[in-house]
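Observations on chain architecture
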Amino acid sequence: MSAGEAATLADLHTVLAVSRALGAERDLDRLLAKIVAAASSLVDAERSTLFVLDRKCGQLWSRVAEGSGEIRVPLGRGIAGAVAASGQPINIPDAYADARFDASQDQRSGFRTRSILCVPLTDHEQAVVGVLQALNKRSGQAFSAHDQEVLLALAAQAGVALVNAQLVQHERERVRLLRELELARTIQRALLPAQLPAVPGWRFAAWAESCEAVGGDYYDAWTRADGAFDIVIGDVSGHGLPAALLMSSARAALRALRLASDELPALAQALNRLLAEDMADDAFMTMVLARCQPDGSIEYVSAGHEPPLVWRAARGDWDALSSTGLPLALLDDARCELARIPPLEPGDVALWYTDGVHEAPGPAGELFGIERLRLVLAEAARRGAGEPQALLAGIVDAVRHWRGGQPPHDDMSLLVAVRE
């Protein structure tokens, strides 16, 4: 065996040993560091860089770059970009004599690139997933054909290991996100009243469902020293975690504002000013604040939210009610007017709801609608003899049946009050 053959065999044994180590490494950052260190050692380079290909943005970016900070290279530009685009290695003995070489990184770092050996990283289907680049052979000579062969052998193993480690990382991130979302869901559910207070002359029930793990719907309730009972139901634009965070902020702000003033218009306007300062320009919140009085009457302000549905059992019809103001956070100085509902008689029902209920689409795309919600509530009131939980169950069943087994497209909340 010649000296050259012996050197090749030794290098291939080294590549095999490194490949085994790479295959056992599941931490992406440690894996990339090992690949770069192995590349520099195998071809005796002064420094090496591993670029990962992001096909969505058409860029290579350096996950590990010895001796420099992060480098981003458009696909097809420069040496690394050309290798990523073609899938073919490039071996340049004199970097500055090659028109494809971009000297700007040298100018920034003070490093002088002489020779370059750049090879593609490919997955098990031979698709390019990155680039491995070695700079300046320490002997001062150009990288040889043997160096190129060895680095290609390493890159073939490293590319598969990189993809596997990325899959493991993505799965870990997915599991972590699910755990965090479940924690957020638990926290958000804890923000809703565990049970509604008992108030003479009234019976209450509430229900909520998010279309994602967490959502932007919100309801709350509290008793007052004068025997009245306050209700709030709100809906932050959008859904998911951003809406849930805004909802939590609105809930905390409203509870704090109640300590200074409990007049409904003043509360709504003060909350509007706070939210207008904090919310993004394209975000808003609709809300109804209502006060159920001991005599059965109800006062409310509605900030861009649907007013309650009030069913008069004896007459078999509905009160005609309207919204009283703009959604919160649209205008700093928006105002809400106080509306009054005449006393409810025994058996009468008031329902507060968010738009995920009446805007639930059926399989053909038609919305559930407020008129259908009224019909379902009236029928549930007749069947349920005024039991709040039965009323809610009738509405929830009807909406789910309307969706035809499809998951909710928006957060949904219901709060019902029945006069005794």
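Thresholds, definitions, all that
- Residues numbered from 1 in each chain as written.
- Predicted model: local features only at pLDDT ≥ 70, side-chain atom pairs only at ≥ 80, totals over all residues.
- Heavy atoms only, no water.
- Axes fitted to C-alpha atoms, helices over the stretch in contact; angles between N-to-C directions.
- Helix = DSSP H or I, 4+ residues; strand = E, 2+ residues; numbered from the N terminus.
- Parallel < 35°, antiparallel > 145°, perpendicular 65-115°, else oblique.
- Left-handed = near helix turned anticlockwise from the far one by under 90°.
- Contact = heavy atoms within 4.5 Å.
- Buried < 20%, exposed > 50% of the residue type's maximum accessible area, 1.4 Å probe, protein only.
- Pairing = 2+ DSSP bridges.
- Core = buried A, V, L, I, M, F, W, Y, C linked by side-chain atoms within 4.5 Å.
- Expected span 1.5 Å × (residues − 1).
- Salt bridge = Lys/Arg side-chain N within 4 Å of Asp/Glu carboxyl O.
- Phe/Tyr/Trp six-rings, centres within 6.5 Å; stacked < 30°, edge-to-face > 60°.
- Lys NZ or Arg CZ within 6 Å of the ring centre and 35° of its normal.

Take the packing of helix 6 (residues 241-257) against helix 7 (residues 264-278) next. One way to put it is that helix 6 packs onto helix 7 with a least axis distance of 10 Å and a crossing angle of 135 degrees. Classified by the interaxial angle, the pair formed by helix 6 and helix 7 is oblique. Both helix 6 and helix 7 take part in a crossing whose hand is right-handed. Listed contacts from helix 7 to Ala 250, Ala 253, Leu 254 and Leu 257 of helix 6 are Leu 267, Ala 270, Leu 271, Leu 274 and Leu 275.

Turning to unusual backbone geometry, a few remarks are in order. The phi torsion of most residues other than glycine is negative, and most of the peptide bonds are trans. A positive phi angle, close to 55 degrees, is found at Asp 44, a residue other than glycine. By secondary structure assignment, the location of Asp 44 is in the loop between helix 2 (28-43) and strand 1 (45-54). For Asp 44, a relative accessible area of 33% gives the class partly exposed.

Sheet strands pair via backbone hydrogen bonds, and the direction of the pair is either parallel or antiparallel. The 5 strands lie next to each other as 7-16-15-12-13, forming an open sheet whose pairing is antiparallel. Each having just a single partner strand, strand 7 (202-209) and strand 13 (317-318) make up the two edges of the open sheet. Of the pairings in the sheet, the one linking strand 12 (residues 309-312) to strand 13 comprises 2 bridges and is antiparallel in character. The partner of Arg 312 across the bridge, within strand 13, is Asp 317. Along the sheet face, helix 10 (residues 388-403) touches strand 7, strand 15 (349-353) and strand 16 (412-419) and points at about 25 degrees away from the line of strand 7.

Take the nonpolar core next. Where a protein is soluble and globular, its nonpolar side chains tend to be buried together. Among the nonpolar cores identified, the biggest contains 28 residues, and Leu 50, Leu 121, Leu 132 and Leu 151 are the most heavily contacted of them. Broken down by secondary-structure element, the contributors of at least two residues to this core are helix 2, strand 1, strand 5 (116-122), strand 6 (128-137) and helix 5 (145-191). Ignoring anything within four residues of it in the chain, the contact list for Leu 121 reads Leu 50, Ala 127, Val 128, Val 129, Gly 130, Val 131, Leu 132, Ala 155, Ala 158, Gly 159 and Leu 162. Within the second largest apolar cluster, 27 residues are counted, among which are Val 349, Ala 360, Ile 395 and Ala 398.

Okay, the pairing of strand 6 next. Along any regular strand the residues' side chains alternate between the sheet's two faces. Counting buried positions over the 10 residues of strand 6 gives 10, a clear majority of the element. Pairing of strand 1 with strand 6 involves 7 bridges; the strand directions are antiparallel. If you follow Val 52 over to strand 6, its bridge partner there is Gly 130. In this structure, the hairpin formed by strand 5 and strand 6 is closed by a connection of 5 residues, where Gln 126 is found at a positive phi of approximately 70 degrees.

With that out of the way, let us pick up helix 6. The terminal C-alpha atoms of helix 6 lie 24 Å apart, and with 17 residues this matches the ideal 24 Å at 1.5 Å per residue to within 8%. Ala 243, Ala 244, Met 247, Ala 250, Arg 251, Ala 253, Leu 254 and Leu 257 are the residues of helix 6 that are buried.

Attention now goes to the pattern of salt bridges. For the structure on display, the rule yields 20 salt bridges. For Asp 220, the salt bridge is made with Arg 255, and the minimal N-O distance between the two is 2.9 Å. Taken together, the positions of Asp 220 in strand 8 (residues 217-223) and Arg 255 in helix 6 put the pair 35 residues apart, joining distant regions of the chain. For Asp 220, a relative accessible area of 0% translates into the label buried. Among the residues examined, Arg 255 registers a relative accessible area of 36% and is labelled partly exposed. Salt-bridge contacts for Glu 299 lead to Arg 340; the nearest nitrogen and oxygen are separated by 3.4 Å. A residue pair is termed long-range when its members are at least 10 positions apart, and Glu 299 in strand 11 (residues 298-303) and Arg 340 in strand 14 (residues 339-341) qualify at 41 residues. Taking the relative accessible area as the measure of exposure, Glu 299 reaches 17% and is therefore buried. Several salt bridges converge on common partners, so that one network encompasses Arg 312, Arg 315, Asp 317, Asp 319 and Asp 348.

Scanning all chains against the criterion turns up 5 aromatic pairs. Each ring, one from Phe 368 and one from Trp 402, has its centre 6.0 Å from the other, and the planes form 75 degrees; the classification is edge-to-face. On the criterion of sequence distance, the pair formed by Phe 368 in the loop between helix 8 (355-358) and helix 9 (370-384) and Trp 402 in helix 10 is long-range, its members being 34 residues apart. A network of ring pairs unites the aromatic residues Trp 202, Phe 204 and Phe 229 as a single cluster. The side chain of Arg 372 reaches across the aromatic face of Trp 402, ending 4.0 Å from its centre.

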